[in-house]
Amino acid sequence: MSWLTEYVRPKIRGLLKREVPDNLWTNCESCEQMILVKDLRRAMNVCPHCGHHMRATVQQRMEWTFDNGEYTRIELPKAPVDPLSFRDRKRYTDRLKDERAKSQLDESMAVAHGRIGGHDAVVAVMAFEFIAGTMGAALGEAFLAAARLAILQQAPLIVFTASGGARMQEGMLSLMQMPRTTIAVEMLREARLPYIVVMTNPTTGGVSASFAMLGDIQMAEPNALIGFAGQRVIQDTVREKLPEGFQRAEYLLEHGMLDMVVTRSELPTILGTLIGQLNHAHITPSAA
């Protein structure tokens, strides 16, 4: 047999039989175009074809936001676990255990401090990957801890929101986090520290009805869904056809509910500039 048969043909067959890894490509949620995962990560999870901003993890947000991706996470206060002994398809305690194993997070908000644009800052990031970023007692504790840390460091607080709303497994205790987080925002204002909110897709329910809408500066990523109730629920209630895209970031900007809509790649620079201007001015943004 020739060397072509003995050597070249097996090599070619070996190459053809190689399997393509499942995590090499992904599809855009909006335009459905295929994207190399490494290209998507390089673009901060923004589709290179249509500009759609896909969801991001807590770790990605922190790395993109802080200078050189350097930050220090803080340990957050513990909240009562399963205060209502709730059970739906599974026990709430079992659900929390599964979510913690899957997301590698303790709860739906993480807090860190570092520098943005050379300025000290405290950042709280909601984790949509943890029970859809729902708001429970632990999130209320985390938000209060973030506000107290900002006051201690005399630094602005920046919050990235991403949530499906209140956490039904905690009932009324979840709804009580709305006034608790509002009090934390008031603490920041009394300390004359900037409070900046960056709303990402989606920001809904009790989160949008409380601390998400109380920023001195309100920002959002392009086309982010922002609202309290779903569009169909509102439409059935008012019995009127709602405007196209009325719960999207661009519509809210046009109607004065946002200060700016910023692409993900520009966000760290703009945050650094805003913090520098507010620190230099020595004023409370809401009083300007």
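Residues numbered from 1 in each chain as written. Predicted model: local features only at pLDDT ≥ 70, side-chain atom pairs only at ≥ 80, totals over all residues. Heavy atoms only, no water.

1. A word on the overall build of the protein
At step 1: In terms of regular secondary structure, the protein is built from 11 helices and 9 strands.
At step 2: By the burial criterion, 44% of the 288 residues in the protein qualify as buried.
At step 3: Intrachain contacts of the protein at a sequence separation of at least 6 include 65% that bridge at least 24 residues. (Helix = DSSP H or I, 4+ residues; strand = E, 2+ residues; numbered from the N terminus. Buried < 20%, exposed > 50% of the residue type's maximum accessible area, 1.4 Å probe, protein only. Contact = heavy atoms within 4.5 Å.)

2. A few points about the sheet that holds strand 3 (residues 71–73)
At step 1: Across the sheet, 7 strands lie side by side as 3-4-5-6-7-8-9; this open sheet has mixed pairing. A strand with exactly one partner marks an edge of an open sheet, and here the two such strands are strand 3 and strand 9 (260–261).
At step 2: The pairing of strand 7 (residues 195–203) with strand 8 (residues 217–220) spans 4 bridges and is classified as parallel. The residue bridging Ile196 from the neighbouring strand is Ile217, located in strand 8.
At step 3: Where helix 3 (residues 58–65) meets the sheet, its contacts fall on strand 3, strand 4 (109–116), strand 5 (119–126), strand 6 (157–163) and strand 7, and the angle it forms with strand 5 comes to roughly 160°. (Pairing = 2+ DSSP bridges. Axes fitted to C-alpha atoms, helices over the stretch in contact; angles between N-to-C directions.)

3. Regarding unusual backbone geometry
At step 1: A cis amide bond links Asn201 to the next residue, Pro202, at an omega of -10°.
At step 2: By the element assignment, Pro202 lies in strand 7.
At step 3: The phi angle at Asn45 is positive, at roughly 60°, despite the residue not being glycine.
At step 4: As for its position among the elements, Asn45 is in the loop between helix 2 (37–42) and helix 3.
At step 5: Look at Asn45 and you get buried, because its relative accessible area is 8%.

4. A word on helix 5 (residues 137–153)
At step 1: With 17 residues, helix 5 should cover 24 Å at 1.5 Å per step; its first-to-last C-alpha distance of 24 Å lies within 8% of that length.
At step 2: By the criterion of burial, helix 5 is predominantly enclosed, with 13 of the 17 residues buried.
At step 3: Directly beyond the C-terminal end of helix 5, a positive phi value near 55° is found at Gln154. (Expected span 1.5 Å × (residues − 1).)

5. Side note on the packing of aromatic side chains
Both the distance between ring centres and the angle between the ring planes are used here to describe each pair of aromatic rings.
At step 1: Using the criterion set out here, one finds 4 aromatic pairs in the structure.
At step 2: An angle of 90° between the planes, with centres 6.1 Å apart, marks the rings of Phe143 and Tyr195 as edge-to-face. Separated by 52 residues along the polypeptide, Phe143 in helix 5 and Tyr195 in strand 7 bring together distant segments of the chain.
At step 3: Between Phe246 and Tyr251 the ring centres are 6.2 Å apart and the planes differ by 75°, which places this aromatic pair in the edge-to-face class.
At step 4: Classification of Phe246 as buried rests on a relative accessible area of 16%.
At step 5: Taking relative accessible area as the criterion, Tyr251 reaches 23% and is therefore assigned partly exposed.
At step 6: Among the aromatic side chains, those forming a connected cluster through ring pairs are Phe143, Tyr195 and Phe211. (Phe/Tyr/Trp six-rings, centres within 6.5 Å; stacked < 30°, edge-to-face > 60°.)

6. What to know about the UniProt feature "binding site: Zn(2+)" (unreviewed entry) in the protein
At step 1: Under the feature "binding site: Zn(2+)" (unreviewed entry), the UniProt entry names Cys28, Cys31, Cys47 and Cys50. A maximum C-alpha distance of 8.6 Å is found for the annotated residues, which run over 23 residues; spatially they form one tight group.
At step 2: Assignment of secondary structure puts Cys31 in the loop between strand 1 (25–27) and strand 2 (34–36).
At step 3: By the element assignment, Cys50 lies in the loop between helix 2 and helix 3.
At step 4: For Cys50, the contacting residues outside a window of four places in its chain are Cys28, Ser30 and Cys31. (UniProt positions renumbered as here; feature names shortened; annotations may be inferred.)

7. So, the packing of helix 5 against helix 7 (residues 177–190)
At step 1: The geometry of helix 5 relative to helix 7 is characterised by a closest axis approach of 9 Å and an angle of 5° between their N-to-C directions. Relative to helix 7, the element helix 5 lies roughly parallel. Seen from helix 5, the contacting residues are Ala137, Gly140, Glu141, Phe143, Leu144, Ala147, Arg148, Ala150 and Ile151; seen from helix 7, they are Gln177, Arg180, Thr181, Ala184, Val185, Met187 and Leu188.
At step 2: Each residue belonging to the contact of helix 5 with helix 7 can be placed in one class, and the counts come to 10 nonpolar, 3 polar and 3 charged. (Parallel < 35°, antiparallel > 145°, perpendicular 65-115°, else oblique. Nonpolar A, V, L, I, M, F, W, Y, C, P; charged D, E, K, R; others polar.)

8. Notes on the pattern of salt bridges
At step 1: All told, the structure shown has 11 salt bridges when counted by the stated rule.
At step 2: Residue Arg95 pairs with Asp88 through a salt bridge whose shortest N-O separation is 2.8 Å.
At step 3: Its relative accessible area of 16% is what places Arg95 among the buried residues.
At step 4: When its relative accessible area of 28% is taken as the criterion, Asp88 is described as partly exposed. (Salt bridge = Lys/Arg side-chain N within 4 Å of Asp/Glu carboxyl O.)

9. Section: the state of the cysteines
At step 1: Summed over the entire model, instances satisfying the criterion amount to 0 disulfides.
At step 2: The cysteine Cys31 is free of any disulfide, with Cys28 supplying the nearest cysteine sulfur at 3.7 Å.
At step 3: Residue Cys31 is classed as partly exposed on the basis of its relative accessible area of 28%.
At step 4: Unpaired in terms of disulfides, Cys50 finds its nearest cysteine sulfur in Cys28, a separation of 3.6 Å. (Disulfide = S-S within 2.5 Å.)

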